[in-house]
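A closer look at the structure
Listed below, chain by chain, are the residues.
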Amino acid sequence: MINVDDFEDAARARLDPGAYGYYAGGAGDEHTLRANVAAFARWELRPRVLVDVSEVTTATTVFGQEVELPLLIAPTAFHRLAHPDGELATARAAAAAGTIMCLSTLSSVSPAELAAAAPGAPQWFQLYCSRDRGFTENLVAGVAEAGFRALVVTVDVPVAGRRERDLRTAFALPEDLPTPNLPSTLARQDFRAALSSIVDATLTWRDLEWLRSISPLPLLVKGVLTAEDALLAAEHGAAGIVVSNHGGRQLDGVPASLDVLQEVAEAVGERVEVLVDGGVRRGTDVLKALALGACAALAGRAILWGLAVGGEEGVTRVLALFRDEIASGLMLLGCARPEDVTSAHVRLAASSV
Ligand SMILES: Cc1cc2nc3c(=O)[nH]c(=O)nc-3n(C[C@H](O)[C@H](O)[C@H](O)COP(=O)(O)O)c2cc1C
């Protein structure tokens with residue numbers, strides 16, 4: 001297996017078809033799912049030559065935290081569907097690679113259990129704010145106590161997207177999949193409806209201030225796709241924004257996240273840090289994200305494919321692939337470090353202007 005697509009092929013062969021469809025699928029006609037990947041091909045790189053790149057580094061900082069590569073692990077649900085070690089395996093691989101894993105609310109382990117799997121490693125927690133505010137408050141307190149470095153509130157799920165692959169395979173969660181970060185157990189078959197009844201659809205910008213008041217951690221808002229919402233996030237005290245369409249799993253028909261990254265980054269300027277996810281499969285994808293204004297990108301499915309193929313070792317291999325591709329991509333682009341990549345290093349392909 002020499003690239004992420006190879007890992008996906010191997011994962012597809014290993015996974016139960018329902019679980020594969022759950023991981024791979026998007027909402028509706030999957031226009032946005034495909035657009036995320038296609039967008040990277042539309043942006044071309046503009047390399048500069050005769051730059052001294054003999055000492056290249058992929059290391060950078062995100063919210064003041066040093067990471068070994070500008071690629072973080074996006075929060076994805078239910079890692080135990082891919083491998084029995086689930087989130088714990090992913091956390092160990094992230095720690096060994098020197099990057100940050102963001103734990104999903106929909107995980108089989110609590111924040112404290114994840115922290116114990118990789119002591120001292122920087123970890124973030126993704127929050128689905130529950131209607132049971134007391135439950136959310138306790139959960140968020142546990143996140144800080146466990147030593148997590150940031151809270152990422154996902155704002156693009158007032159209702160779970162309708163993913164037709166799950167309906168076709170009649171995908172149901174296994175009986176023995178714990179969900180300790182939810183106030184009630186999820187129905188196994190129609191967990192989409194169950195999740196929608198847990199997540200608080202009344203959430204507004206004012207609640208961001210409430211979240212900030214109950215947590216000492218920097219707050220990131222994940223699921224922003226417009227300059228308007230990016231500015232509101234900044235005004236309401238977000239430290240960071242994740243430009244994301246949830247990997248094409250929520251509202252089908254929204255743009256590829258890469259295509260709105262520049263709009264968001266320009267709107268907020270230096271006020272908040274901007275990250276992006278959706279469709280990242282190559283080191284050069286990460287470089288394009290940096291060029292368009294992100295301080296780092298996140299990968300969701302690429303990591304799940306590694307986990308399905310080989311547990312901790314599989315995730316380690318996928319992260320090593322990204323690191324090597326980012327390092328050689330930087331050198332070929334004429335950049336010695338991620339911060340050297342600027343908007344002058346990309347342009348839209350002539351055929352798509
Ligand atoms: C199987 C799966 C589960 C996901 N679960 C969550 C989740 O629990 N919380 C969340 O904020 N985002 C979730 N996401 C979205 C990811 O955080 C991320 O936005 C997306 O995977 C990026 O696209 P990519 O998979 O093409 O890298 C999930 C994505 C996938 C594929």
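Residues numbered from 1 in each chain as written. Predicted model: local features only at pLDDT ≥ 70, side-chain atom pairs only at ≥ 80, totals over all residues. Heavy atoms only, no water.

So, the pattern of salt bridges
Put simply, the rule reads: Salt bridges, as used here, are contacts in which a Lys or Arg side-chain nitrogen is within 4 Å of a carboxyl oxygen on Asp or Glu. Secondary structure elements follow DSSP: runs of H or I no shorter than four residues count as helices, runs of E no shorter than two count as strands, and numbering proceeds from the N terminus. Burial status follows relative accessibility: with a 1.4 Å probe on protein chains alone, a residue under 20% of its type maximum counts as buried, one over 50% as exposed, and anything between as partly exposed.
Tallied over the full model, the rule gives 13 salt bridges. One salt bridge connects D207 with R133, and the closest N-O pair in it is separated by 3.2 Å. Of this pair, D207 sits in helix α9 (residues 205-214) while R133 is found in helix α6 (residues 133-145), placing the two residues 74 residues apart along the sequence. The exposure class of D207 is buried, given its relative accessible area of 14%.

Some details on the packing of helix α10 (residues 227-235) against helix α11 (residues 257-268)
Filter applied, for reference: Interaxial angles span 0 to 180 degrees and are taken between N-to-C directions of axes, which are lines fitted to C-alpha atoms, for helices over the stretch in contact. For any helix crossing, the convention is left-handed if the near helix is rotated counterclockwise from the far helix by under a right angle, and right-handed if that rotation is clockwise. Here a residue-residue contact requires only that any non-hydrogen atoms of the pair lie within 4.5 Å. Each residue gets one of three labels, nonpolar for Ala, Val, Leu, Ile, Met, Phe, Trp, Tyr, Cys and Pro, charged for Asp, Glu, Lys and Arg, and polar for the others, Gly among them.
α11 packs onto α10 with a crossing angle of 40 degrees between their chain directions and a minimal axis gap of 8 Å. Along this stretch, α10 crosses α11, giving a crossing that reads as right-handed. The segment α10 lies against α11, with A227, E228, A230 and L231 engaging E263, V264, A267 and V268. Partitioned by chemical class, the residues of the contact of α10 with α11 number 6 nonpolar, no polar and 2 charged.

What to know about the environment of Q126
Just so we agree on the cut-off: Pairs of N or O atoms within 3.5 Å make up the polar contacts considered here, provided that, within protein, one atom can donate a hydrogen while the other can accept it, and that residues adjacent in sequence are counted only when both atoms are side-chain atoms.
Along the chain, Q126 turns up in strand β6 (residues 123-127). In this structure the C-alpha to C-alpha distance between Q126 and V221, which are 95 residues apart in sequence, comes to 9.5 Å. Those residues in contact with Q126, other than ones at most four positions away along the chain, are P75, C102, L103, S104, T105, V152 and T154. Within the local environment of Q126, its side chain forms a polar contact with the side chain of T154, the two groups lying 3.0 Å apart.

A closer look at unusual backbone geometry
One non-glycine residue, F78, lies in the positive phi region at around 55 degrees. The residue H246 is not glycine, and still its phi comes out positive at about 65 degrees. With respect to the helices and strands, the residue H246 is situated in the loop between β9 (240-243) and α11.

Some details on the packing of helix α12 (residues 283-291) against helix α13 (residues 301-333)
Definition in use: Note that the term roughly parallel is reserved for angles under 35 degrees, roughly antiparallel for angles over 145, roughly perpendicular for angles of 65 to 115, and oblique for everything else.
Where α12 meets α13, the closest approach of the two axes is 7 Å, and the angle between their N-to-C directions is 60 degrees. One way to sum up the angle between α12 and α13 is to call them oblique. The crossing of α12 and α13 is right-handed. Two secondary-structure elements touch here, α12 through G283, V286 and L287 and α13 through F322, E325, I326, G329, L330 and L333. Class assignment of the residues belonging to the contact of α12 with α13 gives a composition of 6 nonpolar, 2 polar and 1 charged.

Structural notes on α11
Rules: Any helix carries an expected span of 1.5 Å times its number of residues minus one. Summarising the geometry, the arc corresponds to the directions from the helix axis toward the C-beta atoms.
Between its first and last C-alpha, α11 extends 16 Å over 12 residues, near the 16 Å set by a 1.5 Å rise per residue. Every buried residue of α11 is listed here: S257, L258, V260, L261, V264, A265 and V268. In an axial view of α11, the angular spread of the buried residues amounts to 150 degrees, which keeps them on one side of the axis. Lining the buried residues of α11 we find α3 (31-42), β1 (43-45), α10, β9, β10 (273-277) and α12.

Structural notes on the nonpolar core
Let me state the cut-off plainly: Residues belong to a common nonpolar core when they are buried Ala, Val, Leu, Ile, Met, Phe, Trp, Tyr or Cys residues joined through side-chain atoms within 4.5 Å.
Counting 106 residues, the largest nonpolar core has L71, F78, L186, I241, V243, L261 and W305 as the members making the most contacts within it. Once residues lying within four places of it in the same chain are set aside, the contact partners of I241 are V221, V224, A230, A233, V264, V268, V272, E273, V274 and L275. Within the second largest apolar cluster, 15 residues are counted, among which are L220, L275, C295 and L298.

Some details on the site of the ligand
Let me state the cut-off plainly: Put simply, a residue is near a molecule or strand once any heavy atom of it comes within 4 Å of that molecule or strand. Exposure was quantified through the Shrake-Rupley algorithm and a 1.4 Å probe, taking into account, for residues, occlusion by the shown protein chains and nothing else.
Contacts to the ligand come from 23 residues, most closely from P75, S104, T154, D277 and G279. Residue K222 places a side-chain N or O atom 3.0 Å away from a nitrogen atom belonging to the ligand. One of the side-chain N or O atoms of H246 is found 3.3 Å from a nitrogen atom in the ligand. Computed on the free molecule, the ligand has an accessible area of 600 Å², of which 99% lies beneath the protein chains in the complex.

Some points on helix α8 (residues 191-198)
Here α8 has its buried residues at F191, A194, L195, S196 and I198. Looking at the buried positions of α8, the neighbouring elements they touch are α2 (17-24).

Overview of the confidence of the model for the protein chain
This is how the line gets drawn: pLDDT expresses, on a scale from 0 to 100, how confident the predictor is about each individual residue.
Residues of the protein chain with pLDDT of at least 70 account for 100%, and the chain-wide mean is 97. Confidence, expressed as mean pLDDT per element, reaches its minimum in the protein chain at α8 with 87 and its maximum at strand β11 (residues 296-299) with 99.

Side note on the side chain of E30
Mapped onto the secondary structure, E30 falls in the loop between α2 and α3. Within the local environment of E30, its side chain forms a polar contact with the side chain of R165, the two groups lying 2.9 Å apart. Sequence-distant contacts of E30, that is, excluding residues within four places in its chain, are made with G25, R165 and D252.

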